[in-house]
Every structure is written in C-alpha cells, then in structure tokens.
Amino acid sequence: MITVVGSVNLDLVARLPRLPAAGETLTATGFGRVPGGKGANQALAARRLGADVTLVAAVGDDPLAPEALSLLHAEGVRLHGTQVTEDATTGLALIEVDDAGETTIAVVPGANAELVVTAADLAGADAVLTVLEVPPGAVAAAATLAPAGAFVAVNAAPAGPVPAEVLRRADLVVVNRAEHALVPGIERARCVAVTLGAEGALL
C-alpha cells in the first residue's frame, strides 16, 4: 500500500495565447476547474498505475472540497486520511497556461497549511510519498513516522529547505533541474532524482 502525505487543491486554469507581462491584461481563450495539488496528483497517478493508495491531506469545510476530491474518489483512492478543517478553505491554485504549454502558478495553501500527520495515518504503508506543499512538520512526520522498512520518497517542490531528519530517512528525493540548487543540504540525501523535462531524469 502507498500512503501519500500531500496537498489537495482546486486548480483554476486560464488558457492564453501567451503569458502576460507584468501589469498586462490579456483575454483568455478558455477556462477550466480541475482537481489538483501535488499530493493529490501523486495519489491519482499511483492509483492509475494499479497501486492501493491512501491520501493523507487536509481540505476545508466548504463547497470546494468535494470538487477537489472528486477524481480521487471516482478512481478509488482511499480518503479516510483526509482531514476537514473549519479554520481554512480548501487549497486553490491559480494557473495561466500559454499555447506553448508554459505556465505561471500561484498557490493559495488554505487547509493544506493545517495538515497534521500521526503514526496511525501511516500504519500499514509499504511506501510513503510526500511533497513540500504541506507544512514542514507534516513532511517530517511522513518521513520519520513511516513504518520500519517502508520506502520513503520526497518530492522537494515547491523548492525550499527539507528538514535534516527527512533527508536522513528518505530513500529518494525528487527535484526538478531548475529548483535543485534551491534545496539546501540536498547533497546529504541518499539518492536524488533530478528531473530534466523532455530529457528525462538523472539519478
């Protein structure tokens, strides 16, 4: 079983011929609302590959939550680890996509910033995946409270400091080429995969 400790967002996506310059207003050619969040995307991908997946995440007690969780629910990701908070709204991502596929993204963390992880959330996991779109305490708990022998992977995005105890415990740290230099201490990790876009990845 794979347990993902990560974020859930509702993505608000505007499609544009090109990305606007600072201060510029452009007319969008399309708009969509799409379930997202780095943690939810990991969980959905693993489930589509046939794994038994549980998501440990946080959403708001609001009308956005069912929409943000809809794909996960429909495809059989276990959501009993999802916490509902009244103190914050479900996370949002405001995304602009141009005709070449380039993007700008602004994330409003909302309930993701309230996520708390316990050992019970990770019980029975053969692998634990986490991302930096949730609080450092949740990332640290995902790594250090993972069952003995479980494979632990950390996607260090959005780029930032990774707690030292996480680097010591993680079997794999994944980071993209542009953000690799922005993760202090990453050289102490046991194994790092640097993603290179269309060129693949370097382990």
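Here we summarise the structure given alongside this text. (Residues numbered from 1 in each chain as written. Predicted model: local features only at pLDDT ≥ 70, side-chain atom pairs only at ≥ 80, totals over all residues. Heavy atoms only, no water.)

1. A short note on the sheet that holds strand β8 (residues 127-131)
Inference 1: Ordered by their spatial adjacency, 8 strands build an open sheet running β5-β4-β1-β8-β9-β10-β11-β12, and the pairing between neighbours is mixed. Looking at the sheet topology across the chains shown, the edges are occupied by β5 (78-85) and β12 (201-202).
Inference 2: Across the face of the sheet, helix α1 (residues 38-48) comes into contact with β1 (2-5), β4 (53-60), β8 and β9 (151-155) while running at roughly 155 degrees to β4. (Pairing = 2+ DSSP bridges. Helix = DSSP H or I, 4+ residues; strand = E, 2+ residues; numbered from the N terminus. Contact = heavy atoms within 4.5 Å. Axes fitted to C-alpha atoms, helices over the stretch in contact; angles between N-to-C directions.)

2. Side note on the sheet that holds strand β6 (residues 91-98)
Working definition: the strands of a sheet are paired by backbone hydrogen bonds and lie parallel or antiparallel to each other.
Inference 1: Taken together, 4 strands build an open sheet; the order of strands is β3-β2-β6-β7 and the sheet is mixed. What marks the edges here is a single partner per strand, and that holds for β3 (30-36) and β7 (103-108). Adjacent strand axes in the sheet meet at a mean angle of 20 degrees when their direction is disregarded.
Inference 2: Running at roughly 75 degrees to β3, helix α2 (residues 64-74) makes contact with β2 (9-16), β3 and β6 of the sheet.

3. Brief notes about the environment of Glu165
Inference 1: Its place among the elements puts Glu165 in helix α5 (residues 164-169).
Inference 2: You can call Glu165 partly exposed: its relative accessible area is 33%.
Inference 3: For the pair Glu165 and Val139, spaced 26 residues apart in the sequence, the C-alpha separation amounts to 10.0 Å. (Buried < 20%, exposed > 50% of the residue type's maximum accessible area, 1.4 Å probe, protein only.)

4. Here's the deal with the pattern of salt bridges
Inference 1: Taken as a whole, this structure holds 7 salt bridges when the rule is applied.
Inference 2: Glu67 is the partner of Arg33 in a salt bridge, and the nearest nitrogen-oxygen pair spans 2.9 Å. Of this pair, Arg33 sits in strand β3 while Glu67 is found in helix α2, placing the two residues 34 residues apart along the sequence.
Inference 3: Note on Arg33: relative accessible area 44%, which makes it partly exposed. (Salt bridge = Lys/Arg side-chain N within 4 Å of Asp/Glu carboxyl O.)

5. Some remarks on helix α4 (residues 136-144)
One turn of an α-helix holds 3.6 residues; hence residues three or four places apart share an orientation.
Inference 1: Here α4 has its buried residues at Ala138, Val139, Ala140, Ala141, Ala142 and Ala143.
Inference 2: Against the buried residues of α4 lie β1, α3 (119-122), β8, β9 and α5.

6. Considerations on the pairing of β8
Inference 1: Summarising burial for β8: 5 of the 5 residues are buried, a large majority.
Inference 2: Side chains of β8 alternate between two faces, with Ala127, Leu129 and Val131 and Val128 and Thr130 buried alike.
Inference 3: Of the strand pairs in this sheet, β1 and β8 are connected by 4 bridges, and their pairing is parallel. Bridging from a neighbouring strand, Thr3 pairs with Val128 of β8.
Inference 4: Note that β8 and β9 share 5 bridges and pair parallel. Paired with Ala127 across the strands is Phe151, a residue of β9.
Inference 5: In terms of handedness, the path from β8 via α4 over to β9 forms a crossover that is right-handed. (Right-handed = clockwise from strand over helix to strand, strands pointing away.)

7. Here's the deal with the nonpolar core
Among soluble globular proteins, nonpolar side chains are generally buried collectively.
Inference 1: Val5, Leu115, Val117, Val128, Val162, Val166 and Val173 are the most contacted members of the largest nonpolar core, which totals 35 residues.
Inference 2: Those elements that place two or more of their residues in this core are β4, α4, β9, α5, β10 (172-176) and β11 (192-195).
Inference 3: At 6 residues, the largest contribution of residues to this core is made by α4.
Inference 4: Here Val117 is in contact with Val5, Val56, Leu122, Ala138, Ala141, Ala142 and Leu145, once residues within four sequence places are set aside.
Inference 5: Ala43, Leu69, Ala127 and Ala193 belong to the second largest nonpolar core, which has 24 residues in total. (Core = buried A, V, L, I, M, F, W, Y, C linked by side-chain atoms within 4.5 Å.)

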